[in-house]
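Structure assessment
One letter stands for each residue in the lines below.
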Amino acid sequence: MSDDQVLTGPGTQTRRALLAGAGAVGASVLLTACGGDDSGGGATAPTSGGPSGATAGDAGGGDRHGASSLATTSDIPVGGGRVLAAEGVVITQPEAGQFKGFDPICTHQGCPVSNVDGGTINCTCHNSRFSITDGSVKQGPATRPLAPKQLKVQGDQISLA
């Protein structure tokens, strides 16, 4: 018997075939574990206060935001905001009734911003801070503002325009 063969029962099988089979089983286990359950409303980062409702629906089983809505106006605190990472947007409310949207990726090294607090959108990777009013840099190391995203507010529903 050569070094590439191993006895595995009634017949022999090459070590390469045995390892390939084990690798296929391992890959399928990994892919199954990475599948996740998308039944929730997506991950959201901490906010500067206000309710932290899910974006997919409410406990009563209804669709509280509508099919294309990201949040309700009451979900976004005045003087603060909310990072909606799964939806790819940060929504802020610098003044009552004024809603702004920004890209949630820090312009310094591409880290996702983590929260809105103290009047700024914050990236905890390197402590860059951006204005909730216009996305401009309030504290580096970032040197470029967050890209704006157009929002549409219809009644109490906020969605991307």
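Notes on the structure follow. Every value quoted in this text rests on a predicted model; they were computed, and no experiment measured them. (Residues numbered from 1 in each chain as written. Predicted model: local features only at pLDDT ≥ 70, side-chain atom pairs only at ≥ 80, totals over all residues. Heavy atoms only, no water.)

This part takes up the environment of I158. Here I158 is to be found in strand β13 (residues 157-160). As for I158 and I91, which are separated by 67 residues in sequence, their C-alpha atoms are 8.9 Å apart. With residues up to four places along the chain from it excluded, the contact list for I158 reads S69, L70, A71, T72, T73, I76, I91, F99, L151, K152 and V153. (Helix = DSSP H or I, 4+ residues; strand = E, 2+ residues; numbered from the N terminus. Contact = heavy atoms within 4.5 Å.)

By size, the foremost hydrophobic cluster in this structure holds 13 residues, and its most contacted members are V90, C106, V113, V116, I121, F130 and L146. With sequence-adjacent residues up to four places away left out, V90 is seen in contact with R82, V83, K100, G101, F102, D103, P104, V113, V116 and I121. In this structure, A71, V89, I91 and L151 belong to the second largest nonpolar core, which totals 9 residues. (Core = buried A, V, L, I, M, F, W, Y, C linked by side-chain atoms within 4.5 Å. Buried < 20%, exposed > 50% of the residue type's maximum accessible area, 1.4 Å probe, protein only.)

As judged from the 4 bridges shared by strand β8 (residues 120-123) and strand β9 (residues 128-131), these two strands associate in the antiparallel manner. Each bridged residue has a counterpart across the sheet, and for I121 the counterpart in β9 is F130. Joining the antiparallel neighbours β8 and β9 is a turn of 4 residues, in which N127 adopts a positive phi near 65°. By the bridge criterion, 2 bridges tie β9 to strand β10 (residues 137-139) in an arrangement that is antiparallel. For R129, the partnering residue across the bridge sits in β10 and is Q139. Between the antiparallel neighbours β9 and β10 lie 5 residues, among them G135 with a positive phi of about 75°. (Pairing = 2+ DSSP bridges.)

What holds strands together in a sheet is hydrogen bonding between their backbones, with the strands either parallel or antiparallel. Sheet architecture is open: 3 strands sit in the order β3-β13-β12, paired in antiparallel fashion. In the strand order of this sheet, the two ends are held by β3 (71-72) and β12 (151-154), each with one partner. Looking at chain direction, β12 and β13 are connected through 4 bridges and run antiparallel. Across the sheet, residue K152 finds its bridge partner in β13, namely S159.

Remember that the coordinates give geometry; whether it matters functionally is a separate question.
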